[in-house]
Amino acid sequence: MDWDKLRIFHAVADAGSLTHAGDALHLSQSAVSRQIRALEEALDTTLFHRHARGLILTEQGELLFDATAAMVKRIDSATARIRDSEEEVFGELKVTTTHGFGVLWLAPRLTKLYEKFPDLKIDLMLEERVLDLPMREADVAIRMKEPSQADLIRKRLMSIRMRMYASPAYLEANGLPESLEDLSSHRLICQNPNSAQVLSGKALVQKLLTYDIRTGLTVNNYFGVLQAVIANLGIGVLPDYIIEDFPHVVRVLPDVESNEVPVFLAYPEELRHSKRVTAFRDFVQDEIFAHRRQLKAMGAD
(Lines give C-alpha, C1' and ligand atoms only; values in the text may rest on other atoms or scores of the structure.)
Protein backbone atom coordinates (compact mmCIF):
# COMPACT_ATOMS: atom_id res chain seq x y z
CA MET A 1 0.00 0.00 0.00
CA ASP A 2 1.08 3.55 -0.75
CA TRP A 3 2.37 5.14 2.48
CA ASP A 4 1.13 8.56 1.36
CA LYS A 5 -2.42 7.23 1.20
CA LEU A 6 -1.97 5.54 4.59
CA ARG A 7 -0.65 8.78 6.07
CA ILE A 8 -3.70 10.65 4.81
CA PHE A 9 -6.02 7.89 6.04
CA HIS A 10 -4.44 8.10 9.51
CA ALA A 11 -4.90 11.87 9.63
CA VAL A 12 -8.57 11.56 8.61
CA ALA A 13 -9.23 8.80 11.15
CA ASP A 14 -7.51 10.80 13.87
CA ALA A 15 -9.40 14.01 13.06
CA GLY A 16 -12.74 12.39 12.21
CA SER A 17 -13.16 14.88 9.39
CA LEU A 18 -11.88 15.35 5.84
CA THR A 19 -11.74 19.11 6.34
CA HIS A 20 -9.75 19.01 9.58
CA ALA A 21 -7.38 16.40 8.17
CA GLY A 22 -6.88 18.53 5.07
CA ASP A 23 -6.04 21.55 7.21
CA ALA A 24 -3.45 19.52 9.15
CA LEU A 25 -1.93 18.10 5.96
CA HIS A 26 -2.19 21.35 3.98
CA LEU A 27 -4.34 19.61 1.35
CA SER A 28 -7.75 20.44 -0.04
CA GLN A 29 -10.76 18.47 1.13
CA SER A 30 -11.24 17.09 -2.39
CA ALA A 31 -7.61 15.88 -2.55
CA VAL A 32 -8.00 14.10 0.79
CA SER A 33 -11.29 12.58 -0.32
CA ARG A 34 -9.73 11.25 -3.54
CA GLN A 35 -6.90 9.58 -1.65
CA ILE A 36 -9.31 7.91 0.79
CA ARG A 37 -11.50 6.72 -2.06
CA ALA A 38 -8.44 5.32 -3.90
CA LEU A 39 -7.31 3.49 -0.75
CA GLU A 40 -10.76 1.97 -0.24
CA GLU A 41 -10.78 0.82 -3.87
CA ALA A 42 -7.29 -0.68 -3.52
CA LEU A 43 -8.38 -2.60 -0.40
CA ASP A 44 -11.84 -3.34 -1.80
CA THR A 45 -13.47 -2.31 1.48
CA THR A 46 -15.17 0.62 3.19
CA LEU A 47 -13.02 2.34 5.80
CA PHE A 48 -15.42 5.02 7.05
CA HIS A 49 -19.10 5.42 7.78
CA ARG A 50 -20.17 8.90 6.65
CA HIS A 51 -22.75 10.83 8.64
CA ALA A 52 -23.69 14.43 9.43
CA ARG A 53 -21.36 14.71 12.44
CA GLY A 54 -18.28 13.45 10.65
CA LEU A 55 -16.59 10.14 9.88
CA ILE A 56 -16.58 6.96 11.96
CA LEU A 57 -14.23 4.06 11.27
CA THR A 58 -15.70 0.77 10.12
CA GLU A 59 -14.39 -2.46 11.64
CA GLN A 60 -11.92 -2.73 8.74
CA GLY A 61 -10.97 0.91 9.25
CA GLU A 62 -10.25 0.27 12.95
CA LEU A 63 -7.85 -2.55 11.99
CA LEU A 64 -6.01 -0.31 9.54
CA PHE A 65 -5.92 2.60 12.01
CA ASP A 66 -4.27 0.39 14.65
CA ALA A 67 -1.59 -0.49 12.11
CA THR A 68 -1.00 3.09 10.94
CA ALA A 69 -0.89 4.33 14.56
CA ALA A 70 1.96 1.91 15.29
CA MET A 71 3.72 3.00 12.09
CA VAL A 72 3.38 6.69 12.96
CA LYS A 73 4.84 6.10 16.42
CA ARG A 74 7.82 4.26 14.96
CA ILE A 75 8.40 6.98 12.37
CA ASP A 76 8.13 9.69 15.06
CA SER A 77 10.63 7.77 17.19
CA ALA A 78 13.06 7.43 14.27
CA THR A 79 12.64 11.10 13.38
CA ALA A 80 13.36 12.09 16.96
CA ARG A 81 16.55 10.05 17.05
CA ILE A 82 17.70 11.48 13.71
CA ARG A 83 17.03 15.06 14.77
CA ASP A 84 18.71 14.48 18.11
CA SER A 85 21.91 13.62 16.29
CA GLU A 86 22.24 17.31 15.51
CA GLU A 87 23.90 19.78 17.85
CA GLU A 88 20.93 22.12 18.25
CA VAL A 89 18.05 21.52 20.63
CA PHE A 90 14.87 21.89 18.59
CA GLY A 91 11.67 20.11 17.63
CA GLU A 92 8.77 18.76 19.67
CA LEU A 93 9.06 17.23 23.13
CA LYS A 94 5.97 15.59 24.60
CA VAL A 95 5.91 16.06 28.37
CA THR A 96 3.26 14.59 30.65
CA THR A 97 2.59 15.32 34.30
CA THR A 98 -0.35 15.79 36.65
CA HIS A 99 -2.72 18.75 36.35
CA GLY A 100 -1.61 20.23 39.67
CA PHE A 101 2.13 20.04 39.12
CA GLY A 102 1.87 21.05 35.46
CA VAL A 103 -0.32 24.11 36.06
CA LEU A 104 1.00 25.31 39.41
CA TRP A 105 4.73 24.53 39.20
CA LEU A 106 5.99 23.56 35.74
CA ALA A 107 4.16 25.86 33.29
CA PRO A 108 5.07 29.12 35.08
CA ARG A 109 8.77 28.19 34.81
CA LEU A 110 8.90 27.23 31.13
CA THR A 111 9.80 30.78 30.09
CA LYS A 112 13.38 30.09 31.20
CA LEU A 113 13.53 26.94 29.05
CA TYR A 114 12.28 28.79 25.94
CA GLU A 115 14.73 31.63 26.55
CA LYS A 116 17.57 29.14 26.36
CA PHE A 117 16.13 26.95 23.58
CA PRO A 118 13.78 29.10 21.46
CA ASP A 119 13.36 26.39 18.78
CA LEU A 120 12.06 23.80 21.23
CA LYS A 121 8.35 23.02 21.13
CA ILE A 122 6.81 21.56 24.29
CA ASP A 123 3.58 19.57 24.05
CA LEU A 124 2.49 19.62 27.70
CA MET A 125 -0.05 16.87 28.41
CA LEU A 126 -1.67 17.20 31.82
CA GLU A 127 -3.05 13.79 32.75
CA GLU A 128 -3.79 11.97 35.98
CA ARG A 129 -3.67 8.86 33.79
CA VAL A 130 -0.18 7.36 33.46
CA LEU A 131 0.83 7.53 29.79
CA ASP A 132 2.84 4.74 28.17
CA LEU A 133 6.35 6.11 27.60
CA PRO A 134 7.82 3.05 25.80
CA MET A 135 4.91 3.31 23.32
CA ARG A 136 5.77 7.02 22.88
CA GLU A 137 2.49 8.40 24.20
CA ALA A 138 4.90 10.91 25.75
CA ASP A 139 8.66 11.46 25.74
CA VAL A 140 9.13 12.55 29.35
CA ALA A 141 6.96 12.10 32.42
CA ILE A 142 6.98 13.80 35.81
CA ARG A 143 4.89 11.69 38.17
CA MET A 144 4.05 11.63 41.86
CA LYS A 145 5.28 8.06 42.31
CA GLU A 146 8.05 5.90 40.93
CA PRO A 147 7.14 4.64 37.44
CA SER A 148 6.61 0.89 37.23
CA GLN A 149 7.08 0.51 33.47
CA ALA A 150 10.18 -1.32 32.29
CA ASP A 151 12.91 0.18 30.07
CA LEU A 152 12.65 3.63 31.63
CA ILE A 153 15.37 5.90 32.94
CA ARG A 154 14.06 7.46 36.13
CA LYS A 155 15.35 10.12 38.52
CA ARG A 156 13.87 11.20 41.83
CA LEU A 157 13.50 14.97 41.75
CA MET A 158 12.10 15.89 45.15
CA SER A 159 9.44 15.03 47.71
CA ILE A 160 6.26 16.93 48.43
CA ARG A 161 3.62 16.86 51.16
CA MET A 162 -0.01 17.88 51.25
CA ARG A 163 -0.62 20.64 53.80
CA MET A 164 -3.32 23.10 54.80
CA TYR A 165 -3.35 26.75 53.72
CA ALA A 166 -5.61 29.80 53.94
CA SER A 167 -5.48 33.45 52.95
CA PRO A 168 -4.72 36.15 55.56
CA ALA A 169 -8.12 37.76 54.86
CA TYR A 170 -9.98 34.51 55.52
CA LEU A 171 -8.10 33.90 58.78
CA GLU A 172 -8.67 37.48 59.91
CA ALA A 173 -12.41 37.07 59.37
CA ASN A 174 -12.75 33.52 60.72
CA GLY A 175 -9.87 33.02 63.13
CA LEU A 176 -6.86 30.70 63.05
CA PRO A 177 -7.67 27.08 64.00
CA GLU A 178 -5.37 25.68 66.67
CA SER A 179 -6.50 22.04 66.48
CA LEU A 180 -8.28 19.70 64.08
CA GLU A 181 -11.37 20.00 66.21
CA ASP A 182 -11.44 23.74 65.45
CA LEU A 183 -12.10 22.91 61.78
CA SER A 184 -15.78 22.52 62.70
CA SER A 185 -16.13 26.30 62.45
CA HIS A 186 -14.33 26.55 59.10
CA ARG A 187 -14.90 25.70 55.44
CA LEU A 188 -12.60 22.97 54.09
CA ILE A 189 -11.57 23.10 50.43
CA CYS A 190 -10.05 19.95 48.99
CA GLN A 191 -10.14 17.35 46.26
CA ASN A 192 -12.96 14.85 46.49
CA PRO A 193 -11.52 11.62 47.95
CA ASN A 194 -12.94 9.78 44.94
CA SER A 195 -11.06 11.93 42.42
CA ALA A 196 -7.70 10.92 40.96
CA GLN A 197 -4.91 12.09 43.27
CA VAL A 198 -1.87 10.82 45.12
CA LEU A 199 -2.72 8.29 47.83
CA SER A 200 -1.08 10.33 50.59
CA GLY A 201 -3.21 13.34 49.71
CA LYS A 202 -6.33 11.20 49.62
CA ALA A 203 -5.51 9.75 53.05
CA LEU A 204 -5.10 13.24 54.56
CA VAL A 205 -8.41 14.42 53.10
CA GLN A 206 -10.19 11.33 54.41
CA LYS A 207 -8.72 11.97 57.87
CA LEU A 208 -9.85 15.61 57.85
CA LEU A 209 -13.37 14.67 56.76
CA THR A 210 -13.80 12.52 59.88
CA TYR A 211 -14.04 15.76 61.88
CA ASP A 212 -17.29 17.67 62.18
CA ILE A 213 -16.56 20.24 59.51
CA ARG A 214 -19.31 22.82 59.08
CA THR A 215 -19.14 23.27 55.33
CA GLY A 216 -16.86 22.43 52.44
CA LEU A 217 -16.01 22.69 48.78
CA THR A 218 -14.53 19.86 46.71
CA VAL A 219 -12.75 20.54 43.42
CA ASN A 220 -11.30 17.92 41.09
CA ASN A 221 -7.90 19.64 40.74
CA TYR A 222 -5.49 21.62 42.91
CA PHE A 223 -5.68 24.73 40.73
CA GLY A 224 -9.35 25.08 41.66
CA VAL A 225 -8.54 24.54 45.34
CA LEU A 226 -5.84 27.22 45.16
CA GLN A 227 -8.13 29.74 43.46
CA ALA A 228 -10.76 29.20 46.17
CA VAL A 229 -8.14 29.73 48.89
CA ILE A 230 -6.90 32.93 47.25
CA ALA A 231 -10.51 34.10 47.01
CA ASN A 232 -10.80 33.82 50.84
CA LEU A 233 -13.29 30.97 50.68
CA GLY A 234 -11.76 28.66 53.29
CA ILE A 235 -8.87 26.42 54.31
CA GLY A 236 -7.45 24.40 51.42
CA VAL A 237 -5.52 21.15 51.25
CA LEU A 238 -2.69 21.79 48.77
CA PRO A 239 0.75 20.47 47.81
CA ASP A 240 3.57 22.36 49.48
CA TYR A 241 5.28 23.26 46.18
CA ILE A 242 2.86 26.17 45.72
CA ILE A 243 4.38 28.20 48.56
CA GLU A 244 7.24 29.71 46.56
CA ASP A 245 4.90 31.24 43.98
CA PHE A 246 2.13 32.19 46.46
CA PRO A 247 4.03 33.33 49.58
CA HIS A 248 1.08 35.31 50.92
CA VAL A 249 -0.95 32.20 51.77
CA VAL A 250 -0.62 31.06 55.38
CA ARG A 251 0.01 27.52 56.50
CA VAL A 252 -2.65 26.31 58.91
CA LEU A 253 -2.10 23.63 61.59
CA PRO A 254 1.63 23.13 60.85
CA ASP A 255 1.65 19.72 62.54
CA VAL A 256 -0.92 18.34 60.09
CA GLU A 257 0.41 17.07 56.76
CA SER A 258 0.36 14.03 54.49
CA ASN A 259 3.03 11.40 54.18
CA GLU A 260 5.90 12.18 51.83
CA VAL A 261 5.10 12.00 48.10
CA PRO A 262 8.09 11.29 45.81
CA VAL A 263 8.34 13.12 42.49
CA PHE A 264 10.07 11.26 39.64
CA LEU A 265 11.18 12.27 36.15
CA ALA A 266 11.27 9.38 33.65
CA TYR A 267 11.88 8.80 29.95
CA PRO A 268 12.46 5.78 27.67
CA GLU A 269 15.91 4.18 27.37
CA GLU A 270 15.89 4.92 23.63
CA LEU A 271 15.89 8.66 24.38
CA ARG A 272 18.93 8.44 26.64
CA HIS A 273 21.00 10.49 24.17
CA SER A 274 18.21 12.85 23.10
CA LYS A 275 19.38 16.44 23.34
CA ARG A 276 15.83 17.65 23.81
CA VAL A 277 15.26 15.28 26.72
CA THR A 278 18.63 16.20 28.24
CA ALA A 279 17.84 19.92 27.92
CA PHE A 280 14.45 19.47 29.59
CA ARG A 281 15.81 17.18 32.33
CA ASP A 282 18.61 19.63 33.19
CA PHE A 283 16.16 22.54 33.18
CA VAL A 284 13.81 20.78 35.62
CA GLN A 285 16.69 19.80 37.90
CA ASP A 286 18.01 23.37 37.94
CA GLU A 287 14.54 24.68 38.78
CA ILE A 288 14.18 22.10 41.56
CA PHE A 289 17.48 23.28 43.08
CA ALA A 290 16.34 26.92 42.82
CA HIS A 291 12.97 25.95 44.33
CA ARG A 292 14.68 24.34 47.33
CA ARG A 293 16.92 27.36 47.86
CA GLN A 294 13.92 29.68 47.74
CA LEU A 295 11.95 27.58 50.23
CA LYS A 296 14.95 27.52 52.56
CA ALA A 297 15.25 31.29 52.32
CA MET A 298 11.52 31.59 53.13
CA GLY A 299 11.99 29.34 56.17
CA ALA A 300 9.63 26.66 54.83
CA ASP A 301 10.31 23.04 55.77
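Residues numbered from 1 in each chain as written. Predicted model: local features only at pLDDT ≥ 70, side-chain atom pairs only at ≥ 80, totals over all residues. Heavy atoms only, no water.

## With respect to empty space enclosed by the protein
Any empty space left between the atoms is revealed when a probe the size of a water molecule rolls over them.
Step number 1: Following the criterion strictly, the structure yields 2 cavities of 30 Å³ or more and no others.
Step number 2: Here the largest cavity is characterised by a volume of approximately 140 Å³.
Step number 3: Surrounding the largest cavity, 18 residues form its lining, Thr 98, Gly 100, Glu 128, Gln 191 and Tyr 222 being those nearest its centre.
Step number 4: Looking at the lining of the largest cavity, the element that brings in the most residues is helix α5 (residues 99–106), giving 3 residues.
Step number 5: Across the lining of the largest cavity, the residue classes break down as 10 nonpolar, 7 polar and 1 charged. (1 Å grid on protein atoms, 1.4 Å probe; cavity = no way out; pocket = protein on both sides within 12 Å on 5 of 7 lines; lining within 4 Å. Points joined across faces, edges and corners; volume = space filled by probe spheres on them. Helix = DSSP H or I, 4+ residues; strand = E, 2+ residues; numbered from the N terminus. Nonpolar A, V, L, I, M, F, W, Y, C, P; charged D, E, K, R; others polar.)

## Re the domain arrangement of the chain
Step number 1: In terms of domain boundaries, the chain breaks down into domain 1 (3–84), domain 2 (91–158 + 262–298) and domain 3 (161–260).
Step number 2: Here the C-alpha centroids of domain 1 and domain 3 sit 48 Å apart. (Domains from an automatic or database assignment.)

## Quick look at helix α3 (residues 29–43)
Step number 1: End to end, α3 covers 21 Å across 15 residues, agreeing with the expected 21 Å (1.5 Å per residue, within 8%).
Step number 2: Among the residues making up α3, those that are buried are Ala 31, Val 32, Ile 36, Leu 39 and Glu 40. (Expected span 1.5 Å × (residues − 1). Buried < 20%, exposed > 50% of the residue type's maximum accessible area, 1.4 Å probe, protein only.)

## Considerations on the layout of surface pockets
Step number 1: Taken as a whole, the largest pocket spans an internal volume of roughly 590 Å³.
Step number 2: Mapped onto the lining of the largest pocket, the elements with two or more residues apiece are α4 (59–83), β3 (91–97) and β4 (120–126).
Step number 3: With 8 residues, α4 is the largest single contributor of residues to the lining of the largest pocket.
Step number 4: A per-class count over the lining of the largest pocket returns 5 nonpolar, 3 polar and 12 charged.

## With respect to the pairing of strand β7 (residues 162–166)
Step number 1: Of all the 5 residues making up β7, 5 are buried; the element is thus mostly covered by neighbouring parts of the structure.
Step number 2: The alternating pattern of β7 places Met 162, Met 164 and Ala 166 on one face and Arg 163 and Tyr 165 on the opposite face, and all of these are buried.
Step number 3: The sheet contact formed by β7 and strand β10 (residues 235–239) spans 4 bridges and is antiparallel. Residue pairing in the sheet places Arg 163 in a bridge with Leu 238 of β10.
Step number 4: Taken together, the 3 bridges between β7 and strand β11 (residues 250–252) define a ladder with antiparallel strand orientation. The residue bridging Tyr 165 from the neighbouring strand is Arg 251, located in β11. (Pairing = 2+ DSSP bridges.)

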